[in-house]
Protein chains: 4
Amino acid sequence: MAGASGYAGGEILRLLLAHPQIEVGAVTAASSAGERLGGVHPHLVPLADRVIEDTSLETLAGHDVVFLALPHGHSARLAAQLPESVVVIDCGADFRLEDEQAWTDFYDTPYAGSWPYGMPELPGPAGTVQRERLTGERRIAVPGCYPTAVSLALAPGFAAGLLEGDDVVVVAASGTSGAGKGLKPHLLGSEVMGSMSPYGVGGVHRHTPEIEQNLSRAASETVTVSFTPTLAPMPRGILATCTARLRPGVDPAAVRAEWQQAYAAEPFVHLLPEGVWPATGSVIGSNHVQLQVAVDERLGRVVVVAAVDNLTKGTAGAAVQCANLALGLDETLGLPVAGVAP
Amino acid sequence: MAGASGYAGGEILRLLLAHPQIEVGAVTAASSAGERLGGVHPHLVPLADRVIEDTSLETLAGHDVVFLALPHGHSARLAAQLPESVVVIDCGADFRLEDEQAWTDFYDTPYAGSWPYGMPELPGPAGTVQRERLTGERRIAVPGCYPTAVSLALAPGFAAGLLEGDDVVVVAASGTSGAGKGLKPHLLGSEVMGSMSPYGVGGVHRHTPEIEQNLSRAASETVTVSFTPTLAPMPRGILATCTARLRPGVDPAAVRAEWQQAYAAEPFVHLLPEGVWPATGSVIGSNHVQLQVAVDERLGRVVVVAAVDNLTKGTAGAAVQCANLALGLDETLGLPVAGVAP
Amino acid sequence: MAGASGYAGGEILRLLLAHPQIEVGAVTAASSAGERLGGVHPHLVPLADRVIEDTSLETLAGHDVVFLALPHGHSARLAAQLPESVVVIDCGADFRLEDEQAWTDFYDTPYAGSWPYGMPELPGPAGTVQRERLTGERRIAVPGCYPTAVSLALAPGFAAGLLEGDDVVVVAASGTSGAGKGLKPHLLGSEVMGSMSPYGVGGVHRHTPEIEQNLSRAASETVTVSFTPTLAPMPRGILATCTARLRPGVDPAAVRAEWQQAYAAEPFVHLLPEGVWPATGSVIGSNHVQLQVAVDERLGRVVVVAAVDNLTKGTAGAAVQCANLALGLDETLGLPVAGVAP
Amino acid sequence: MAGASGYAGGEILRLLLAHPQIEVGAVTAASSAGERLGGVHPHLVPLADRVIEDTSLETLAGHDVVFLALPHGHSARLAAQLPESVVVIDCGADFRLEDEQAWTDFYDTPYAGSWPYGMPELPGPAGTVQRERLTGERRIAVPGCYPTAVSLALAPGFAAGLLEGDDVVVVAASGTSGAGKGLKPHLLGSEVMGSMSPYGVGGVHRHTPEIEQNLSRAASETVTVSFTPTLAPMPRGILATCTARLRPGVDPAAVRAEWQQAYAAEPFVHLLPEGVWPATGSVIGSNHVQLQVAVDERLGRVVVVAAVDNLTKGTAGAAVQCANLALGLDETLGLPVAGVAP
């Protein structure tokens, strides 16, 4: 587990502590190497006396699975040095984008290529899902938190050919853990509590190309997205409100069924009963995505709202889910099936 | 002041306590009549020992200004009985909509007509603003909280002919006081803290026709809006993220100037310096709206974000501002010019 | 599981969903009988389609373990009717107090007697712990949430004879879920967020006699406690600040060692490294208690602070822990070993 | 106004913006000098375009009143250089302690002496209050936030000779703004929200000697205090729970009257109606302290709970109140008489 000191790293460790088939091996980080893990993550009681090691090939050697939760741009170099037989699950953005141009438009490190995209439930055209590409893989790129919520929210509509690809608007609210542990003034509790604010407005957030990649794949044509993220006064959770215009001729009454069908067998994606809307509070700490779909018939638009825990299904839960698939285990092994509420 | 026991009523009283020209007269309510005001609003120290009276013509008689903060549908009957010479400022929805059909589509009480709409800063076509219609008026309908944020956010673009009227998407987050003081399970602190959820999805929220009325007036043509409100874990504040498609041929570089010009002289609407985005935490308790505008050139969309305190500029502050205009006082009298932060 | 609709009931179900040896049987409640469980507890995804049954002998029949999470005063009648062979774990106060007078001083229902007290780690005189009394028991009274935090915080000092019994002062802050799901105005999110307030001041809180019973047992003499609970703006968690005067002659340097020794082998009670103080955020969703001890040598007082999740170790986790002991299972089975943070 | 970039400085400016007799002059700070004030305090709209100047004798020259909101240890040097005729209101700790030993025990900068202590309402023996010492003064030391809450809570009992001075226990919860704007990991929103934690446990918090000084003065004998501060998940507010043992022979029924009498004429200290307890949410943004007193007759203890906004009455409001007294103005001028709630 490299990058253990951040929020994503802590969440991976939390999940692995309850995993029946994966044991926590070396726990490494950069600046906090040498510290007790209990000093960094006091909630991980069973690991409190572990000492954080330096992130290096030596400390990561000898593991069957390596989880990388590093700042963007750091995974590529490390991954290249790990043996091919080792399962590497990367929680960073480094290997998510298939289009080099999209990468260079949004990131300032060199393009490192792409790995199979770790969203097993992602609906594609003609009833395909992404799961098949992940089983037994040795390298998997874990999706970003916003793309998880937004892609699972809208992909069924695109895969079924219901939605226009040039009029998608998404506004999403994220808990502050999504912004990481960096010491920035606007992330202080005094500033955050009781306040909401947007950031990365105008199409400049790095998750935009990843969302578009996923929806375009589902649609088999180019989909563009107006995406505005906002910071909400809560530690965890993403609520993504996603709207798109229905294609002419689509029967509004038939819309919801596409989502129902797409996720009927999914263990972690739940379309709520009609009229019930998701709340992030219901998915905290769990690997679930909760969804609801409405059609605004007057305007010919679909509105889909998704709730997800940015650290669990949005990052660490997806990472464990991918590791399960890579290792040939039951995909749901060790993953929390209930949220912590209230 | 009728309807003193709710959050809007409490906020009106808070503002009037600091108003140099309006004195608090009778304080009335329905179910809490007979109680000490201090029991209902312990923050209003100077009024703590006032006894809440019943809302009736008798208790409201003899005042120069009457503020109504009643549940929707209750203002019409009461207002009809008050002398025409009295200034009546209605914080309910009863008199906001000019279109009877719009009323009956969204409300289940009979249509009561409309009063001058109390948003002095609302830009209309050809440089007009709503202010002129309010000075010296005896009856004013205070805007809804969401319509305040959204209309002020988008109207300059419509008034200047920059925006398409059929592709407007708004997602707004509101603090819980916007949902009132009713004892509903989903409003319990345990449910609300750490959680975000949508409501009124699919175009069914009652503020939709009011927003469309305002933007249509600004545009001099029909504007429709996909509006999704969400409940955020904070007591006060609205953050409205508003997007619309630019008309073909509009120069993106010229967009921001329209907002700058529209609000340059406004005391309560502030376009922030370029690149700085509003946060609800900066406007709590104040009568300000903070705005920022960005153009997503790739998609040809404008994104405007507005932050407002739903109880102050979103209700009670606007009510006092309207009363000032109605009474011929300085429009800004008694209104807080700074937010309470952090 | 009787009383499934409340917060304690929901938390028991959450824990049982991850328990390898206990399966959820009938799920019953009073007023919400007939509803989908998903409507009441949307976070319990795997049980969403379960229908809540009425709480009755019939619906509870045929189970090996029955968890009662009923309002105080309702357990006694029901428990009397359940077969003696069934393990009954009562989360209410009904059977916690051994002293009838203490019961009648604080409760208005008839005294129902007492059951073995379900705090396995409670230190008693001469190195005894409560655990021995619980193994294989058929009836166990789960401790209250505040008594859990306070008793575990102070009992080692009393058991070791270090503390005066007549000068104990405790001030504790609780998350709002401790106040339940009742629709009371002061529990609304708008009221709770950003605000702290005390309640039950002056020795009138019902947990006072339970705390005194535990500490008196540990001390083998009467201990009295000045206990003030406060409501904090968070959904879960108790932070109990507990102070007591050192007996004359006690060596301050020897104090901490008593706590260290008392809990060295405990799986769920953790004395943090010297100088590190507990935070409720570190124990959310877990069955842990985190403690720290300091001696204020100038005043001759010990200050112990305990953090616990009121719903997990403070109620439902303790209930499952007791059930494990009653059933002869590993005491820690199915209990979360890491908190959900941040 | 020196030290304008911190939370205390921002609050002083907020209050001065509404003050009818004091105008904001130079606004100075250290590290943020040269920045727009709007970048640091976006809630202070009317001052947004002011440029922060460097804190120096030159920039502070020519003002009738200078407010210092500097880190502890920085006021002494600056104050020594300001003309004696200028009113200097120091919000730091530098001049609060009359006992040099107390200073050197808790601070590491040299002792600078003491100034008149800026708590006008502080009851002393024989019905004296501190107000008399402040009128017309040129140098005033504004009290600390915790000492404000605790001293006003307990002083009437000590002044009236009701309380033992050697058995006082105080546990107080503070909003995060009390910890300032420093970029520390434990102050991040992700860490703070949903969590409570203690700090400075065991008598080591710097406000301890200030509290003891105030209570000792009230009692005319030495009072010692066990003081434990905790950090609560809210931006503002202090809730102080204060207990002390009644002297033998004190009639419990007579206790409350002492508080009633002490504060009957005070504009900013309010004893709530019997049985009503203060909440910090009721005093946010206002200069009020709300109090309640209970006697725990069984234990012979008094419990007093005080709620105050740490930034307003706890710092900046007290500073303005002191400036009013120093300038011979009405003591209440420009100070908010109602809290911002909910």
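Residues numbered from 1 in each chain as written. Chains lettered and ligands numbered in written order. Predicted model: local features only at pLDDT ≥ 70, side-chain atom pairs only at ≥ 80, totals over all residues. Heavy atoms only, no water.

Going by the annotation in an unreviewed UniProt entry, the name recorded for chain A is N-acetyl-gamma-glutamyl-phosphate reductase, with Humibacillus xanthopallidus given as the source organism. Quoted verbatim from the Pathway (unreviewed entry) heading of the UniProt record, the comment on chain A is "Amino-acid biosynthesis; L-arginine biosynthesis; N(2)-acetyl-L-ornithine from L-glutamate: step 3/4." (UniProt positions renumbered as here; feature names shortened; annotations may be inferred.)

1. With respect to helix α8 (residues 207–219) of chain B
Residues and elements named next belong to chain B. For α8, which comprises 13 residues, the first-to-last C-alpha distance of 18 Å matches the rise-based estimate of 18 Å (1.5 Å per residue) to within 8%. Counting buried residues along α8, 12 of its 13 residues qualify, which places the element largely inside the surrounding structure. Taken as a whole, α8 has its buried residues at His-207, Thr-208, Pro-209, Glu-210, Ile-211, Glu-212, Gln-213, Asn-214, Leu-215, Ser-216, Ala-218 and Ala-219. Contacts made by the buried residues of α8 are with α5 (100–106), α6 (145–159) and β8 (225–231). (Helix = DSSP H or I, 4+ residues; strand = E, 2+ residues; numbered from the N terminus. Expected span 1.5 Å × (residues − 1). Buried < 20%, exposed > 50% of the residue type's maximum accessible area, 1.4 Å probe, protein only. Contact = heavy atoms within 4.5 Å.)

2. Here we look at unusual backbone geometry
At the junction of Ala-341 of chain A and Pro-342 of chain A, the peptide bond is cis and its omega measures out at 0 degrees in the coordinates. Here Pro-342 of chain A shows up in the segment after α10 (312–326). Not every positive phi belongs to a glycine, and Ser-220 of chain D is a case in point at roughly 60 degrees. With respect to the helices and strands, Ser-220 of chain D occurs in the loop between α8 (207–219) and β8 (225–231).

3. Quick word on the pattern of salt bridges
Going through the model one piece at a time under the given rule, you end up with 60 salt bridges over all chains. With a shortest N-O distance of 2.9 Å, Asp-167 of chain B and Arg-245 of chain B are connected by a salt bridge. In this pair, Asp-167 of chain B sits in strand β6 (residues 163–174) while Arg-245 of chain B sits in strand β9 (residues 238–246), placing the two residues 78 residues apart along the sequence. Residue classification places Arg-245 of chain B among the partly exposed positions, given a relative accessible area of 22%. Three or more residues joined by partner-sharing salt bridges are found here, namely Asp-167, Arg-245 and Arg-301 of chain A together with Asp-167, Arg-245 and Arg-301 of chain B. (Salt bridge = Lys/Arg side-chain N within 4 Å of Asp/Glu carboxyl O.)

4. Examining the UniProt feature "domain: Semialdehyde dehydrogenase NAD-binding" (unreviewed entry) in chain A
Within this numbering scheme, the UniProt entry marks residues 2–130 of chain A as carrying the feature "domain: Semialdehyde dehydrogenase NAD-binding" (unreviewed entry). Here residues 2–130 of chain A is 26% helix and 9% strand, with 26 Å between the C-alpha atoms at its ends.

5. With respect to the domain arrangement of chain A
Residues and elements named next belong to chain A. Domain annotation for chain A reports domain 1 (7–143 + 313–327) and domain 2 (146–308). Here the C-alpha centre of domain 2 lies 23 Å away from the C-alpha centre of domain 1. Opposite the 29 residues of domain 1 that make contact, domain 2 presents 35 residues. Carbon and sulfur atoms supply 55% of the area that domain 1 and domain 2 bury against each other, a total of about 2,600 Å² over both sides. It is Tyr-7, Phe-106 and Lys-313 in domain 1 that bury the most area against domain 2; as a group they hold 26% of the surface buried on that side. At the boundary of domain 1 and domain 2, one finds 4 salt bridges. Arg-236 serves as the salt-bridge partner of Glu-11, at 2.6 Å between the closest nitrogen and oxygen. For the pair domain 1 and domain 2, the interface holds 12 residue pairs in polar contact (both at pLDDT 80 or more). At the level of elements, α1 (7–17), α5 (100–106) and α10 are the ones that each hand at least two residues to the side of domain 1 that touches domain 2. (Domains from an automatic or database assignment. Buried area = accessible area lost by both parts, 1.4 Å probe. Polar contact = N/O pair within 3.5 Å; in protein donor to acceptor, adjacent residues only side chain to side chain.)

6. Overview of the interface of chain B and chain A
Interface size, as often reported, equals the accessible area lost upon joining of the parts. The interface is formed by 43 residues belonging to chain B together with 43 residues belonging to chain A. Taken over both partners, the interface formed by chain B and chain A buries close to 3,200 Å², and the fraction arising from carbon and sulfur atoms is 65%. Linking chain B with chain A are 6 salt bridges, by the criterion used here. When residues of the side of chain B that touches chain A are traced back to their parent elements, those giving at least two are β6, α7 (189–192), β7 (197–198), α8, β8, β9, β11 (289–296) and β12 (301–308) of chain B. Ranked by residues supplied to the side of chain B that touches chain A, first place goes to β6 of chain B with 5 residues. Grouping the constituent residues of the side of chain B that touches chain A by class yields 19 nonpolar, 15 polar and 9 charged. (Nonpolar A, V, L, I, M, F, W, Y, C, P; charged D, E, K, R; others polar.)

7. Comments concerning the sheet that holds strand β5 (residues 139–141) of chain A
Residue and element names in this part refer to chain A. Reading across the sheet, the 3 strands line up as β3-β4-β5 and stay open at both edges, with parallel pairing between neighbours. This sheet does not close on itself; its edge strands, each paired only once, are β3 (65–68) and β5. For this sheet, the mean inter-axis angle between neighbouring strands, taken without regard to orientation, is 10 degrees. (Pairing = 2+ DSSP bridges. Axes fitted to C-alpha atoms, helices over the stretch in contact; angles between N-to-C directions.)

8. Points about the relation of the copies chain D and chain C
Mapping chain D onto chain C leaves a residual RMSD of 0.0 Å; the transformation is a rotation of 180 degrees accompanied by 0.0 Å of translation along its axis. Accordingly, the operation relating the two chain copies is best matched by a two-fold axis. (Least-squares fit on C-alpha atoms with pLDDT ≥ 70 in both.)

9. Quick notes on the sheet that holds strand β3 (residues 65–68) of chain D
Residue and element names in this part refer to chain D. The 3 strands lie next to each other as β3-β4-β5, forming an open sheet whose pairing is parallel. Lying at the two open borders of the sheet, with one neighbouring strand each, are β3 and β5 (139–141). Put simply, the sheet's adjacent strands are angled 10 degrees from each other on average, direction ignored. Here 3 bridges tie strand β4 (residues 87–90) to β5, and the two strands are oriented parallel to one another. Counted as the bridge partner of Asp-90 is Ala-141 from β5.

10. Topic: the relation of the copies chain B and chain A
In screw terms, the move from chain B to chain A is a rotation of 180 degrees and a rise of 0.0 Å along the axis, fitting with an RMSD of 0.0 Å. In this assembly, 100% of the residues forming the interface of chain B have copies in chain A that are likewise at the interface, indicating an isologous arrangement.

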